[in-house]
Amino acid sequence: MKRILLIIPAYNEAEGIIDNINKIESYRAKCAYDLDYVVINDGSTDNEEEVLRNHQINHIELIQNLGIGGAVQTGYKYAQENNYDIAVQFDGDGQHDIESLPHLLDPLINNEADFTIGSRFLEESNSEFKSSITRQIGIRFLSVLIYLTSKVRILDVTSGYRAGNKRVIEQFVKRYPRQYPEPESYMHLFSQGIRVKEVGARMFERTTGVSSINFIKGINYMISVSLSILASAIIGKDR
């Protein structure tokens, strides 16, 4: 049986992290997988660390905030050091549905893909939450840009619900984008011949915490990540 690790990056999620972990524990009790998890406390400034310790939750405390890229890469390093077969990125704010996990794992276990993306936008997804209209427009733009530069179509390019096998774990331990990890990482995977598959997944609107992206930051994000995708595509072709 393959050993599977949930990587749970969390920044200032003291309010909701226990509820999220309880849902994972309930799922572990009934699932057929050898499933573990590790919370990456990304230099939180609330009492998240205290909550994690008091509830004896397996976690890694980062002494400073590294951002989502650094936190997730820490989880991939933990997965490699502890010889896990599959690593799954799973948000700490409760947006990802643990019941959708088989959709991400089955293609990896059956050797149909090396990396899977949980998507809100595929027909087989039963996700009622799709994000705001503004963000959906941005996601579609990035999806088209990635397709034009790689000929691979990914609809939910900013999804953080993703899973990779040992080949992907090794790649992300060596190199994981820090600034725009989701869309930028695809260009790296494509250049390495990694088989990527998008699968339907259910997601929820966050119930705790606040998104770090407002309208102005969103515009800057779109411009910066577009340039990053184009640069990654050029570098990949040069290789």
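Sequence order as written defines residue numbering, which begins from 1 separately in each chain. Per-residue local features of the predicted model are confined to residues with pLDDT of at least 70, and side-chain atom pairs are confined, for both listing and counting, to 80 or more; whole-chain, interface and lining totals are unaffected and use all residues. Computation of side-chain values: all heavy atoms of the structure, hydrogens and water removed.

Naming follows an unreviewed UniProt entry, where the chain appears as Glycosyl transferase family 2 of Lactococcus fujiensis JCM 16395.

### Some remarks on the pairing of strand S1 (residues 3-10)
With seven of eight residues buried, S1 lies mostly within the body of the structure. For two strands to pair, DSSP has to find at least two bridges joining them. Note on conventions: DSSP H or I runs of at least 4 residues are helices, E runs of at least 2 residues are strands, and numbering of each starts at the N terminus. By the bridge criterion, eight bridges tie S1 to strand S2 (residues 34-42) in an arrangement that is parallel. From the neighbouring strand, Leu5 faces S2, where its bridge partner is Asp36. For the handedness criterion, the β-α-β arrangement of S1, helix H1 (residues 17-30) and S2 is classed as right-handed. Pairing between S1 and strand S4 (residues 86-89): four bridges, direction parallel. Bridge assignment links Ile7 to a residue of S4, and that residue is Gln89. Buried means the residue's accessible area, taken with a 1.4 Å probe over protein chains only, is under 20% of the maximum for its type, while exposed means over 50%, and partly exposed covers the values in between. Convention used here: a crossover is right-handed provided that the path from the first strand, over the helix, to the second strand proceeds clockwise when the strands point away from the viewer.

### Things to note about the sheet that holds strand S7 (residues 196-200)
Taken in spatial order, the seven strands of this open sheet run S3-S2-S1-S4-S6-S5-S7, and their pairing is mixed. The sheet terminates laterally at strand S3 (59-62) and S7, the two strands that pair on one side only. Going from strand to strand, the sheet's axes swing by 20° on average, the running direction of each strand aside. Should any heavy atoms of two residues lie within 4.5 Å, those residues are counted as being in contact. Here the axes come from fitting lines to C-alpha atoms, over the contacting stretch only for helices, and the angles between their N-to-C directions go from 0 to 180 degrees. Against the sheet, helix H3 (residues 67-81) makes contact with S1, S2, S3, S4 and strand S5 (115-119), and its axis sits at roughly 155° relative to S1, the strand it touches most.

### Topic: the side chain of Thr149
Tracing the sequence through the fold places Thr149 in helix H5 (residues 133-150). Given a relative accessible area of 19%, Thr149 falls into the buried group.

### Examining the packing of aromatic side chains
When the centres of two rings from Phe, Tyr and Trp lie within 6.5 Å, Trp using its six-membered ring, the rings pair. Their planes under 30 degrees apart give stacked, over 60 give edge-to-face, and anything left gives tilted. According to the stated counting rule, one finds seven aromatic pairs in the structure shown. Plain terms: the ring middles of Phe90 and Tyr161 are 5.5 Å apart, the flat faces sit at 80° to each other, and that makes the pair edge-to-face. Here the residue Phe90 occupies a position in the loop between S4 and helix H4 (101-109), and Tyr161 occupies one in the loop between H5 and strand S6 (162-164), the gap between them amounting to 71 residues. Each member of the pair, Phe90 as well as Tyr161, carries the same accessibility label: buried. Here the aromatic rings of Phe115 and Tyr186 are separated by 6.4 Å at their centres, their planes lie at 65°, and the arrangement is edge-to-face. On the criterion of sequence distance, the pair formed by Phe115 in strand S5 and Tyr186 in helix H7 (residues 181-191) is long-range, its members being 71 residues apart. Owing to a relative accessible area of 0%, Tyr186 belongs among the buried residues under this scheme. The rings of Tyr76, Phe115, Phe172, Tyr176, Tyr186 and Phe190 are connected pair by pair, giving a single aromatic cluster. Only lysine NZ and arginine CZ atoms are considered, and such an atom sits over a ring when it is within 6 Å of the ring centre and within 35 degrees of the ring normal. The residue whose ring lies beneath Arg3 is Tyr84, and the NZ or CZ to ring-centre distance is 4.1 Å. One Lys or Arg, Arg153, reaches over the ring of Tyr147 and ends 4.1 Å from the middle of that ring.

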